[in-house]
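The chain contents come next:
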Amino acid sequence: MTPPTDILDYRTQSPEVSARFSKLKERPVVLSVKNLTKIFPSQNGDVTALNSIDFEVYRREFMCVIGPSGCGKSTLIRILAGLESETSGAVLLDGNPVAGPGPDRGMVFQSYTLFPWLTVKQNVLFGPKMAGQKGATVESEARQWIEMVGLSKFENSYPHQLSGGMKQRVAIARALANRPRILLMDEPFGALDAQTRCQMQSYLLKIWKNLDITILFITHDLDEATYLSDRILVLKANPGEVDEIIEVPVPRPRTVDQFVSPEFIATKHRIDELIHPKNKGGDDELHFPRMTKEGDDVE
Ligand SMILES: Nc1ncnc2c1ncn2[C@@H]1O[C@H](COP(=O)(O)OP(=O)(O)OP(=O)(O)O)[C@@H](O)[C@H]1O
Ligand SMILES: [Mg+2]
C-alpha cells in the first residue's frame with residue numbers, strides 16, 4: 001500500500017475518541033498476559049513461537065491481533081483457551097490463572113467446527129447440556145442465541161444445509177451459549193467471501209455492543225482489524241513478540257463509510273508499515289530462474 005504523502009498521524013485522536021479510551025482503561029482487566037513464552041521443540045532446533053508477550057484486555061474491549069504468518073497468533077489464542085500450555089509466563093482471566101479449557105472462554109475457529117450430526121439448536125445446546133443444564137429455560141435460552149444470530153428459521157437444520165457464513169453464526173451462538181467472559185476468535189471469517197465477511201463483521205459488532213463480552217480476534221486483514229478493534233495488538237515474527245499496540249482512532253459506532261476516512265487510512269498504513277517493513281522479505285527477495293525465451297517477455 002503506497003501511503004498518501006499527507007497521511008494523518010495514526011496517534012491523532014479526536015477528543016471524543018480520546019475520552020472513549022480513557023473510559024475503557026478505567027474498566028477492570030479481564031485478560032492479563034504476563035511475560036508469556038512458548039517454545040516448541042523440533043528436530044531442527046527449538047522454535048520460539050512466542051517470546052515475552054505482555055498485554056492486557058479490558059472488560060468489553062474488542063481487541064484484534066494481527067501479524068505476519070507464523071508469528072504465533074494461533075499459538076497465543078490456543079494458550080489463552082487452555083488448549084496448549086505455555087513454556088513460561090502466565091495468563092490470568094479475571095485475575096485467576098488459566099489452567100486448561102473452561103466455559104469462561106468461548107472459541108470460534110476459521111474452520112467449521114460444528115458437530116455435523118447435530119442440528120443448529122442441538123449444537124448451541126451442547127455446551128450448556130455438558131455443564132448439566134436441562135429443561136425449558138436452557139432450551140429457550142438456546143433459541144435466544146439462535147435468534148440473536150438471525151437463524152431462527154434454521155434451528156432444526158443440520159450444518160451441511162447451511163452456508164459458510166451461517167455456520168460461523170451458529171459457531172458464535174454456540175460459543176456464547178456457555179456465557180463466556182471472553183470470546184477468542186482465530187480468523188473466524190477467513191474462509192468467507194468478501195461480502196459475507198463484511199456482513200459478519202457488522203453482525204459481530206452488534207452482538208458485542210449488546211452483550212457483556214470481551215473479544216480477542218485474530219485476523220490477517222488490515223481492514224477487518226481497523227473496522228472492529230478498540231486496540232490492535234501487532235505481533236512480529238521469529239520470534240513472536242509484541243511490536244506495538246495501536247489505539248484505533250476511528251470513532252464508534254463504526255460504519256463501512258469510514259473505510260476511506262483519514263483515521264482509518266492512517267491506522268491501516270501504520271499496521272502495514274509494521275507487518276510489511278520495506279526491504280525486508282516479500283517478493284523482491286525471491287529469485288526465479290528464467291524459464292522462457294529471451295525476448296518473449298510479458299510485464
Ligand atoms: N505444534 C507445533 N509444533 C511445533 N511447532 C509449532 C507448533 N504449532 C506452531 N508451531 C510453530 O510456531 C510458530 C507459530 O505458529 P502459529 O500457528 O501460532 O502462527 P500464526 O501466526 O497463527 O500463523 P498463520 O498466520 O499462518 O496462521 C510457527 O513457526 C510454527 O511452525
Ligand atoms: Mg494461525
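Everything numeric here is computed off the predicted structure, so don't read it as measured data. (Residues numbered from 1 in each chain as written. Chains lettered and ligands numbered in written order. Predicted model: local features only at pLDDT ≥ 70, side-chain atom pairs only at ≥ 80, totals over all residues. Heavy atoms only, no water.)

Let us look at the sheet that holds strand β1 (residues 29-40). On the basis of which strands lie adjacent, the open sheet formed by four strands has the order β2-β1-β4-β5 and antiparallel pairing. Here the strands that pair on one side only, and so sit at the sheet edges, are β2 (47-58) and β5 (96-97). Sheet strands touched by helix α2 (residues 73-81): β1, β2 and β4 (88-93). Its angle to β1, the strand with the most contacts, is close to 120 degrees. (Pairing = 2+ DSSP bridges. Helix = DSSP H or I, 4+ residues; strand = E, 2+ residues; numbered from the N terminus. Contact = heavy atoms within 4.5 Å. Axes fitted to C-alpha atoms, helices over the stretch in contact; angles between N-to-C directions.)

This next bit is on the packing of aromatic side chains. Each aromatic ring pair is described using two quantities: the centre-to-centre distance and the angle formed by the ring planes. All told, the structure shown has seven aromatic pairs when counted by the stated rule. Seen from their ring centres, Phe62 and Trp208 are 5.7 Å apart, and the 70 degrees between their planes marks the pair as edge-to-face. With a gap of 146 residues between them, Phe62 in strand β3 (residues 62-66) and Trp208 in helix α6 (residues 194-210) connect regions that are remote in the sequence. Relative accessible area serves as the criterion here: at 0%, Phe62 is assigned to the buried category. Using a relative accessible area of 11% as the deciding quantity, one classes Trp208 as buried. On the basis of an interplanar angle of 35 degrees and a centroid distance of 5.3 Å, the ring pair of Phe115 and Trp117 is categorised as tilted. (Phe/Tyr/Trp six-rings, centres within 6.5 Å; stacked < 30°, edge-to-face > 60°. Buried < 20%, exposed > 50% of the residue type's maximum accessible area, 1.4 Å probe, protein only.)

Within the secondary structure, Asn123 is located in helix α3 (residues 120-130). A polar atom in the side chain of Asn123 sits 3.1 Å from the backbone oxygen of Leu118. Excluding residues that lie within four positions of it along the chain, Asn123 makes contacts with Leu114, Phe115, Leu118, Pro159, Val170 and Arg174. (Polar contact = N/O pair within 3.5 Å; in protein donor to acceptor, adjacent residues only side chain to side chain.)

With that settled, consider empty space enclosed by the protein. With the rule as written, the count across this model stands at one cavity of 30 Å³ or more. What the largest cavity holds in volume is close to 40 Å³. Along its surface, the largest cavity is lined by Val124, Leu125, Pro128, Gln133, Val138, Glu141, Ala142, Trp145 and Ala177. Counting residues per element, the lining of the largest cavity draws most heavily on helix α4 (residues 136-148), which supplies four residues. (1 Å grid on protein atoms, 1.4 Å probe; cavity = no way out; pocket = protein on both sides within 12 Å on 5 of 7 lines; lining within 4 Å. Points joined across faces, edges and corners; volume = space filled by probe spheres on them.)

As a further point, take the sheet that holds strand β7 (residues 182-186). Taking strand neighbours across the sheet as the criterion, the six strands line up as β6-β7-β8-β3-β9-β10 in an open arrangement whose pairing is mixed. Each having just a single partner strand, β6 (105-109) and β10 (241-247) make up the two edges of the open sheet. On average, each strand axis in the sheet is tilted by 20 degrees relative to the strand beside it, whichever way the strands run. Of the pairings in the sheet, the one linking β7 to strand β8 (residues 214-218) comprises five bridges and is parallel in character. Paired with Leu184 across the two strands is Leu216, which belongs to β8.

Functional significance is not addressed by these values, which are geometric in nature.
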